[in-house]
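# Secondary and tertiary structure notes
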Amino acid sequence: MGRLTTHVLDTARGRPAAGLALELAALEPERRVLVAAATNADGRLDAPLLEGGDLRPGRFELVFHAAAYHRAVGVPLADPPFLDEVVVRFAVADADAHYHVPLLLSPWSYTTYRGS
């Protein structure tokens, strides 16, 4: 059974990014938001973004609300902030696989990869 998961680590503070708002959108045939959520104390979601029959091959977009998170935890940001929303576009080819899209985040940089 396939599933799509994520987690966010705040690399500037050395801890999980708790309370970071994010959205998952399908991009085909047109962009539509599928899930809006926020990370828990471990920087993860309490359930997969998609799983089972809800995970289908296609193109997707995760939008992480980075500036709002950093402001909420007291990080001083420029106006406008260097990173406002971090958008990660990716594709699912195998709906039976586990796709894990982590985000390593600071106010000035981010990294992502396909995790396991």
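Residues numbered from 1 in each chain as written. Predicted model: local features only at pLDDT ≥ 70, side-chain atom pairs only at ≥ 80, totals over all residues. Heavy atoms only, no water.

## Some words on unusual backbone geometry
- Residue Glu28 is joined to Pro29 through a cis peptide bond whose omega torsion reads 0°.
- The omega torsion of the bond from Asp79 to Pro80 falls at 5°, within 30 degrees of zero and hence cis.
- Looking at the secondary structure, you find Pro80 in the loop between helix 1 (66–72) and strand 8 (85–92). (Helix = DSSP H or I, 4+ residues; strand = E, 2+ residues; numbered from the N terminus.)

## What about the pairing of strand 4 (residues 21–26)?
- Inspection of the sheet shows strand 4 paired to strand 5 (residues 32–38) by 6 bridges, in the antiparallel sense. The partner of Glu23 across the bridge, within strand 5, is Ala36.
- Where strand 4 folds back onto strand 5 in an antiparallel hairpin, the turn is made up of 5 residues.
- Across 5 bridges, strand 4 lies against strand 7 (residues 58–65) in antiparallel orientation. For Leu24, the partnering residue across the bridge sits in strand 7 and is Leu62. (Pairing = 2+ DSSP bridges.)

## As for the sheet that holds strand 11 (residues 110–112)
- The strand order across the open sheet built from 4 strands is 3-2-10-11, with neighbouring strands paired in mixed fashion. A strand with exactly one partner marks an edge of an open sheet, and here the two such strands are strand 3 (15–16) and strand 11.
- As paired strands, strand 10 (residues 103–105) and strand 11 are joined by 3 bridges and run antiparallel to one another. Bridged to Leu105 within strand 11 is Tyr110.

## A look at the packing of aromatic side chains
- The tally for this structure, following the rule as stated, stands at 1 aromatic pair.
- On the numbers, 5.9 Å between centres and 20° between planes, the contact of Phe60 with Phe90 is stacked. Placement of the pair is Phe60 in strand 7 and Phe90 in strand 8, with a sequence separation of 30 residues.
- Here Phe60 falls in the buried class, since its relative accessible area comes to 5%.
- A relative accessible area of 14% places Phe90 in the buried class.
- The lysine or arginine in question, Arg114, covers the ring of Tyr99, its NZ or CZ lying 3.8 Å from the ring centre. (Phe/Tyr/Trp six-rings, centres within 6.5 Å; stacked < 30°, edge-to-face > 60°. Buried < 20%, exposed > 50% of the residue type's maximum accessible area, 1.4 Å probe, protein only. Lys NZ or Arg CZ within 6 Å of the ring centre and 35° of its normal.)

## So, the side chain of Thr6
- Its location among the elements puts Thr6 in the loop between strand 1 (3–5) and strand 2 (8–10).
- Judged by relative accessible area, which is 4%, Thr6 ranks as buried.
- A polar contact is formed between the side chain of Thr6 and the backbone oxygen of Val101, at a distance of 2.4 Å.
- For Thr6, the residues in contact, after removing those within four places along its chain, are Leu22, Arg44, Leu45, Leu49, Leu62, Phe64, His100, Val101 and Pro102. (Polar contact = N/O pair within 3.5 Å; in protein donor to acceptor, adjacent residues only side chain to side chain. Contact = heavy atoms within 4.5 Å.)

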